[in-house]
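Listed below, chain by chain, are the residues.
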Amino acid sequence: MEDLKLFGVWYSPFVCRVKCALQLKGLNHEYVEEDLSNKSELLLQYNPVHKKIPVLVHAGKPIVESYPILPKDPYERSKARFWTKFMQDKKFFGGDEIGFVDLAIGTVLHWFKVVETLKEVKIIETCTHLQAWIERFSQVAVVKENLLDHDVLVAHFKPLMG
Ligand SMILES: N[C@@H](CCC(=O)N[C@@H](CS)C(=O)NCC(=O)O)C(=O)O
């Protein structure tokens with residue numbers, strides 16, 4: 001068994017990301033469930049700056065942030081780094097202008113937000129990057145012109161929700 005320990009909480013998408021990556025690489029790990037309202041001494045010791053999960057500890061050395069599980073091959077690794085950074089720095093999936101992926105995801109997420117309002121739940125708001133991208137997306141002229149108004153959709157579907 002590899003000397004890998006993952007500190008996380010069961011509901012975290014970032015922990016899910018790390019678990020998937022470990023599994024894809026065929027790496028076993030020991031999982032430690034944290035209580036974010038009462039963080040363990042070990043977690044604070046391993047991630048003293050951000051104090052967040054996930055933290056992956058390899059042979060006693062902590063790796064914080066959920067991105068660093070990269071390909072072994074240096075060229076593949078540099079490509080993965082490049083695209084990850086590219087996605088974080090760019091305004092849209094296509095770069096500085098919206099593209100096919102933005103439209104594919106944005107139009108569905110717009111509906112998702114309508115469902116959130118109808119069901120009185122907040123999911124997207126908890127993800128700040130996604131929320132910021134949605135704001136940018138909905139400000140694009142062509143999107144503004146075509147996307148149906150959130151409140152109009154809510155008013156229309158409310159009576160149908162039962
Ligand atoms: N950028 C980080 C985000 C990690 C993160 O936001 N973790 C949350 C749980 S999902 C956390 O530990 N929150 C505790 C806190 O902020 O005190 C990553 O990719 O790992």
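Here, every reference points to the structure presented above.
In this text, all values refer to a predicted model and were calculated from it rather than measured experimentally.

### Overview of the pairing of strand β2 (residues 30-33)
- In this sheet, β2 lies alongside strand β1 (residues 4-8) in parallel orientation, the contact comprising four bridges. Residue G8 lies in a different strand from β2, and its bridge partner there is E33.
- As a crossover connection, the stretch from β1 through helix α1 (residues 13-24) into β2 is right-handed.

### Examining the environment of L42
- Along the chain, L42 turns up in helix α2 (residues 41-46).
- Accessibility expressed as a C-beta count within 10 Å gives 15 for L42, which makes it partly exposed.
- Each C-alpha atom of the pair L42 and F7 lies 9.2 Å from the other, and the pair is 35 residues apart in sequence.

### Observations regarding the site of the ligand
- What surrounds the ligand is the set S12, F14, L36, K51, K52, I53, P54, E65 and S66.
- Of the residues assigned to the shell around the ligand, the class counts are four nonpolar, two polar and three charged.

### A look at the sheet that holds β2
- Here four strands make up an open sheet; going across it, the order is β2-β1-β3-β4 and the pairing mixed. Single-partner strands in this sheet number two, and they are β2 and β4 (61-64). The mean angle between the axes of side-by-side strands here comes to 25 degrees, regardless of whether they run parallel or antiparallel.
- Pairing of β1 with strand β3 (residues 55-58), which is carried by four bridges, proceeds in the antiparallel orientation. By the bridge assignment, L4 is partnered in β3 with H58.

### A look at the nonpolar core
- Within the largest apolar cluster, ten residues are counted, these being L6, F7, V15, V18, L43, Y46, I53, V55, L56 and V57.
- When residues of this core are traced back to their parent elements, those giving at least two are β1, α1, α2 and β3.
- Sort the elements by how many residues they give to this core and β3 lands first, with three residues.
- Excluding residues within four positions of it along the chain, V57 makes contact with K5, Y46 and P62.

### Some points on the packing of helix α4 (residues 100-119) against helix α7 (residues 150-157)
- Put simply, α4 and α7 touch, their axes get as near as 10 Å, and they point 50 degrees apart. As far as their axial angle goes, α7 and α4 are oblique. At the point where α4 passes α7, the crossing takes the right-handed sense. The residues of α7 that touch α4, namely those facing K113, V114, T117 and L118, are H150, L153, V154 and F157.
- Per-class residue counts for the contact of α4 with α7 are five nonpolar, two polar and one charged.

Conventions and cut-offs
- Residues numbered from 1 in each chain as written.
- Predicted model: local features only at pLDDT ≥ 70, side-chain atom pairs only at ≥ 80, totals over all residues.
- Pairing = 2+ DSSP bridges.
- Helix = DSSP H or I, 4+ residues; strand = E, 2+ residues; numbered from the N terminus.
- Right-handed = clockwise from strand over helix to strand, strands pointing away.
- Buried ≥ 20, exposed ≤ 12 C-beta atoms within 10 Å, placed from the backbone.
- Near = placed C-beta within 6 Å.
- Nonpolar A, V, L, I, M, F, W, Y, C, P; charged D, E, K, R; others polar.
- Axes fitted to C-alpha atoms, helices over the stretch in contact; angles between N-to-C directions.
- Core = buried A, V, L, I, M, F, W, Y, C linked by C-beta atoms within 7 Å.
- Contact = placed C-beta atoms within 7 Å.
- Parallel < 35°, antiparallel > 145°, perpendicular 65-115°, else oblique.
- Left-handed = near helix turned anticlockwise from the far one by under 90°.

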